[in-house]
Amino acid sequence: SQTIHQWPATLVQPVGSPLSLECTVEGTSNPNLYWYRQAAGRGLQLLFYSVGIGQISSEVPQNLSASRPQDRQFILSSKKLLLSDSGFYLCAWSPGNYGYTFGSGTRLTVV
Amino acid sequence: SQQGEEDPQALSIQEGENATMNCSYKTSINNLQWYRQNSGRGLVHLILIRSNEREKHSGRLRVTLDTSKKSSSLLITASRAADTASYFCATDPIYNTDKLIFGTGTRLQVFP
C-alpha cells in the first residue's frame, strides 16, 4: 500500500535561518506531489506541485522553493525564513486528480 | 481568486442531527472531492463525484453536485461527536488537471 511520510511534525526556527522540509512517498511510482500551506483556521494555499522529477510548478511568489531530486521525494526549502512563513505545511501525493493523500503536516513557527 | 467558497464557515449541531455543508466554485470541472481535516492533522479524502454525476453516497455521507449552479453539498447524517472536524471541497478544473483547487472549509462541531 502507498504511504506518505512528512517530517518534522513541529519546527521552531529563528528569522533568517534556512528551512528544509522533506516528504517521501512509498508504494507508488511517478506520483504527482504537492506542497500546501495552511494559516490557522484557514483554507489551503497551494505552494508548489510536481508531476515528475525535476519538474516544479510554483503557484505563488514567495520566500520558498521546492525540489524533486528523486521520483518519490519532494523538498520544500528556504534560504532565509521570514515571520510570514509561519504556518502548517502539508505535503500530498496523487496518481492524478483522483484523490489526494496528505501527510501529517509540519507546524512551522518562525520566531 | 480561483478558490472555492464554502458555507457556512462554522456549524454547531447536536449528536444525531444532520449536518449540511455547501461548496461553490468558479470554473468547469472534471470532478469535485470532499476532504476532512481533524485539528492539527492532514486532510483525509472522503468522496469524489464526477461532473456527470448528480448524487453519490458513502456510508453516512451524501454528496450532490449541480454543475449548472457550480455548487455541491455534503450531508452527514446522524452525526457523531467524532465527526467534529473541518471539511473542505476541492475541484479538479478542466483547464488544469494537475492540481486541485480547495475551498475555504467548514468547521463542524458536533456536541454529545
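Details of the structure are given in the entry above.
**With respect to the overall build of chain A**
Helix and strand counts for chain A stand at zero helices and eleven strands. Walking chain A from its N terminus toward its C terminus, one meets helices and strands in the order β-β-β-β-β-β-β-β-β-β-β. At 13 Å, chain A has a C-alpha radius of gyration in line with the 13 Å of a compact globule built from 111 residues. Expressed as a percentage of the 111 residues in chain A, the buried residues total 49%. Long-range contacts, defined here as pairs at least 24 residues apart, represent 54% of the contacts in chain A between residues at least 6 apart.

**Focus on the side chain of Thr106(A)**
Residues and elements named next belong to chain A. Looking at the element boundaries, Thr 106 is found in strand E11 (residues 106-110). At 2.4 Å, the side chain of Thr 106 and the backbone oxygen of Pro 8 are in polar contact. If near-sequence neighbours (up to four positions away) are discounted, Thr 106 is found in contact with Gln 6, Trp 7, Pro 8, Ala 9, Leu 11, Leu 21, Gly 87, Phe 88 and Tyr 89.

**A few points about the interface of chain B and chain A**
Opposite the 23 residues of chain B that make contact, chain A presents 22 residues. Across the chain B/chain A interface, buried area totals approximately 1600 Å², and carbon plus sulfur atoms make up 50% of it. Sorting the residues of chain B by area buried against chain A places Leu43(B), Asp98(B) and Lys99(B) first, and these three jointly supply 30% of that buried surface. Connecting chain B to chain A are one salt bridge. Note that Glu59(A) and Lys99(B) form a salt bridge whose closest N and O atoms lie 2.6 Å from each other. Here chain B and chain A share six residue pairs in polar contact (both at pLDDT 80 or more) between them. Listing elements by their share of the side of chain B that touches chain A, those giving two or more residues are strand E4 (29-37), strand E5 (43-50) and strand E9 (85-93) of chain B. Looking at the side of chain B that touches chain A, its residues break down into six nonpolar, eleven polar and six charged.

**A short note on the sheet that holds strand E3 (residues 19-26) of chain A**
Residue and element names in this part refer to chain A. Across the sheet, which stays open at both edges, the four strands sit in the order E1-E3-E8-E7 with antiparallel pairing between neighbours. The open sheet has two edge strands with one neighbour each: strand E1 (3-7) and strand E7 (65-70). On average, each strand axis in the sheet is tilted by 20° relative to the strand beside it, whichever way the strands run. In this sheet, E3 lies alongside E1 in antiparallel orientation, the contact comprising five bridges. Paired with Ile 4 across the two strands is Val 25, which belongs to E3.

**A look at the nonpolar core**
The biggest cluster of nonpolar side chains holds 21 residues, and the ones touching the most others in it are Met21(B), Leu32(B), Trp34(B), Leu74(B), Ile76(B), Tyr87(B) and Leu108(B). Those elements that place two or more of their residues in this core are strand E2 (10-14), strand E3 (19-24), E4, E5, strand E7 (61-66), strand E8 (71-76), E9 and strand E11 (106-111) of chain B. The contact partners of Leu32(B), leaving out residues within four places of it in the chain, are Cys23(B), Tyr25(B), Ile47(B), Leu48(B), Ile49(B), Leu65(B), Ser72(B), Cys89(B), Ala90(B) and Thr91(B). The next biggest cluster of nonpolar side chains, apart from the first, holds 19 residues, and it includes Leu21(A), Trp35(A), Leu76(A) and Cys91(A).

**Concerning the side chain of Glu6(B)**
Residues and elements named next belong to chain B. Examined against the element boundaries, Glu 6 turns out to sit in strand E1 (residues 5-7). Arg 107 provides the closest opposite charge to the buried, salt-bridge-free Glu 6, at an N-O distance of 10 Å. A polar side-chain atom of Glu 6 sits 3.0 Å from the main-chain amide nitrogen of Cys 89. A distance of 2.9 Å separates a polar side-chain atom of Glu 6 from the backbone nitrogen of Gly 105. Not counting residues within four places of it along the chain, the set of residues in contact with Glu 6 comprises Asn 22, Cys 23, Trp 34, Tyr 87, Phe 88, Cys 89, Gly 103, Thr 104, Gly 105 and Thr 106.

**Focus on the packing of aromatic side chains**
Enumeration according to the criterion identifies twelve aromatic pairs over all chains in this entry. Each member of the aromatic cluster is reached from another via a ring pair, and the members are Tyr34(A), Tyr36(A), Tyr49(A), Tyr100(A), Phe102(A), Tyr35(B) and Phe102(B).

Reading guide: rules and limits
Residues numbered from 1 in each chain as written. Chains lettered and ligands numbered in written order. Predicted model: local features only at pLDDT ≥ 70, side-chain atom pairs only at ≥ 80, totals over all residues. Heavy atoms only, no water. Helix = DSSP H or I, 4+ residues; strand = E, 2+ residues; numbered from the N terminus. Rg over C-alpha atoms; globule rule 2.2 N^0.38 Å. Buried < 20%, exposed > 50% of the residue type's maximum accessible area, 1.4 Å probe, protein only. Contact = heavy atoms within 4.5 Å. Polar contact = N/O pair within 3.5 Å; in protein donor to acceptor, adjacent residues only side chain to side chain. Buried area = accessible area lost by both parts, 1.4 Å probe. Salt bridge = Lys/Arg side-chain N within 4 Å of Asp/Glu carboxyl O. Nonpolar A, V, L, I, M, F, W, Y, C, P; charged D, E, K, R; others polar. Pairing = 2+ DSSP bridges. Axes fitted to C-alpha atoms, helices over the stretch in contact; angles between N-to-C directions. Core = buried A, V, L, I, M, F, W, Y, C linked by side-chain atoms within 4.5 Å. Lys, Arg positive; Asp, Glu negative; His and termini not counted. Phe/Tyr/Trp six-rings, centres within 6.5 Å; stacked < 30°, edge-to-face > 60°.

Keep in mind these numbers describe shape, not what the thing actually does.
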